[in-house]
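What the coordinates show
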Amino acid sequence: GTHVASTIGERTDNGKFVTGLAYGAKLIPVRVLDEGGSGKASQVAKGIRWAYRHGADVINLSLEFPRATVKQCADVPSVCAAINKAHAKGAVVVGAAGNPPGGPRPIVAYPALAHHVIATGGTTERGCLGSYSNWGLGLDLVAPGGGRDAAMAGPQCEPAAEGRTISQLTLRKGVKGFKRFGYPSYKGTSMASAHAAGVAALTWAALEERLGRRPSPEEIEAQLKSTARTERGLRDGGRYGAGLLDAGAATAR
């Protein structure tokens, strides 16, 4: 959670190693999982409701439900209802496409697959789909998630090559729990979702200034998708959705 939050909004000029994307944003940390990364759907729904009730413009969901137990919104109705209400209140909701323990699958996990969520897959430093990332129907776009390239995901991929992970300020796990800050590296669609949420916040601010009003979630999503990179293998909509997130392009026009 700290790694994700840092990617979204760690401040600049702090004399540290790295920075966040939307470093001027206000973060609203909402804990819905335990230290092992587990939690109930009811807690996730409660967290989403708490976020939009406290003014969140962007809600990031760097989490996934097991596909074996959650195959539709009817399996987690409280979560989908909370997402719909957040959207109705004007919040942009971003979610991780998923990287299940058994390996990636050609289907996006919930809650990212729910309506009104920008489902985000993970890419590597070469702009290739990560070997861990889910893909397929319902994927909206991709963003940096680190790791090794997936096989047969485009001419830009090098599956046999090493892939750097995402470094960010977070708590290191020691023998007695999380007690010391450091810069461990992670890979996954949770990291990709964090990048997308950070850029969504930047885009929200840019559009508000340009339009002279609050932008709608639909306008933010359209801006992210219409400015995503689609060169080379990124044109494969099944694996990359609308393309690779481009922060500069999304906030420039």
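Here the structure is shown first, and the text comes after it.
In this report, we go over the structure that sits alongside the text. (Residues numbered from 1 in each chain as written. Predicted model: local features only at pLDDT ≥ 70, side-chain atom pairs only at ≥ 80, totals over all residues. Heavy atoms only, no water.)

Regarding helix H2 (residues 41–53)
- In a regular helix each residue adds 1.5 Å, so 13 residues correspond to 18 Å; H2 covers 18 Å between its end C-alpha atoms and thus fits that length.
- All of the buried residues in H2 are Val44, Ala45, Gly47, Ile48, Ala51 and Tyr52. Buried residues of H2, seen end-on, are gathered within an arc of 160 degrees and therefore sit on one face of the element. Those residues of H2 that are exposed and aimed more than 90 degrees away from the buried face are Lys46 and Arg53.
- Structurally, H2 contributes buried residues whose contacts are with strand E1 (58–61) and helix H3 (77–88).
- Note on H2: the residue one or two positions beyond its end, Gly55, has a positive phi of about 85 degrees. (Helix = DSSP H or I, 4+ residues; strand = E, 2+ residues; numbered from the N terminus. Expected span 1.5 Å × (residues − 1). Buried < 20%, exposed > 50% of the residue type's maximum accessible area, 1.4 Å probe, protein only. Arc of directions from axis to C-beta. Contact = heavy atoms within 4.5 Å.)

Quick word on the state of the cysteines
- Counted by the stated rule, this structure contains 2 disulfides.
- One disulfide bridge connects Cys73 with Cys80, the sulfur atoms lying 2.0 Å from each other. Residues Cys73 and Cys80 are joined by a disulfide whose S-S torsion is about -80 degrees; by sign, that bridge is left-handed.
- With a sulfur-sulfur separation of 2.0 Å, Cys128 is cross-linked through a disulfide to Cys157. One disulfide, between Cys128 and Cys157, carries an S-S torsion of 95 degrees and so falls in the right-handed class. Taken as a pair, Cys128 in the loop between strand E3 (117–123) and strand E4 (141–144) and Cys157 in the loop between E4 and strand E5 (166–167) lie far apart in primary sequence, 29 residues in all.
- The connectivity of the disulfide bonds within the chain can be written as 1-2, 3-4, using the sequence rank of each bonded cysteine. (Disulfide = S-S within 2.5 Å.)

Describing the packing of helix H4 (residues 189–211) against helix H5 (residues 217–226)
- Taken N-terminus to C-terminus, the directions of H4 and H5 make an angle of 110 degrees; their axes are 10 Å apart at the nearest point. Between H4 and H5, the interaxial angle falls into the category roughly perpendicular. As H4 runs across H5, the sense of the crossing is right-handed. For the pair formed by H4 and H5, the contact residues are Val199, Ala200, Thr203, Trp204, Leu207, Arg210 and Leu211 on the first element and Glu219, Ile220, Gln223 and Leu224 on the second. (Axes fitted to C-alpha atoms, helices over the stretch in contact; angles between N-to-C directions. Parallel < 35°, antiparallel > 145°, perpendicular 65-115°, else oblique. Left-handed = near helix turned anticlockwise from the far one by under 90°.)

Observations regarding unusual backbone geometry
- Cis geometry marks the peptide bond from Tyr110 to Pro111; its omega dihedral reads 10 degrees.
- Phi angles above zero are rare outside glycine, and Met152 is one such case at about 55 degrees.
- Looking at where Met152 falls in the secondary structure, it is placed in the loop between E4 and E5.
- Taking the relative accessible area as the measure of exposure, Met152 reaches 75% and is therefore exposed.
- We note that Arg232 has phi near 50 degrees; this positive angle belongs to a residue other than glycine.
- Here Arg232 lies in the loop between H5 and helix H6 (237–240).

Structural notes on the side chain of His87
- Tracing the backbone shows His87 in helix H3.
- Here His87 falls in the buried class, since its relative accessible area comes to 15%.

A look at the pattern of salt bridges
- Counted under the stated rule, the structure contains 9 salt bridges.
- With a closest N to O distance of 2.8 Å, Asp149 and Arg126 form a salt bridge. Of this pair, Asp149 sits in the loop between E4 and E5 while Arg126 sits in the loop between E3 and E4, and the two are 23 residues apart along the sequence.
- With a shortest N-O distance of 2.8 Å, Glu221 and Lys225 are connected by a salt bridge. A residue pair is termed a helical-turn pair when its members lie 3 or 4 positions apart in one helix, as Glu221 and Lys225 do in helix H5 at 4 residues.
- Here Glu221 falls in the partly exposed class, since its relative accessible area comes to 22%.
- What emerges from the salt-bridge pattern is a single network uniting Asp140, Glu221 and Lys225. (Salt bridge = Lys/Arg side-chain N within 4 Å of Asp/Glu carboxyl O.)

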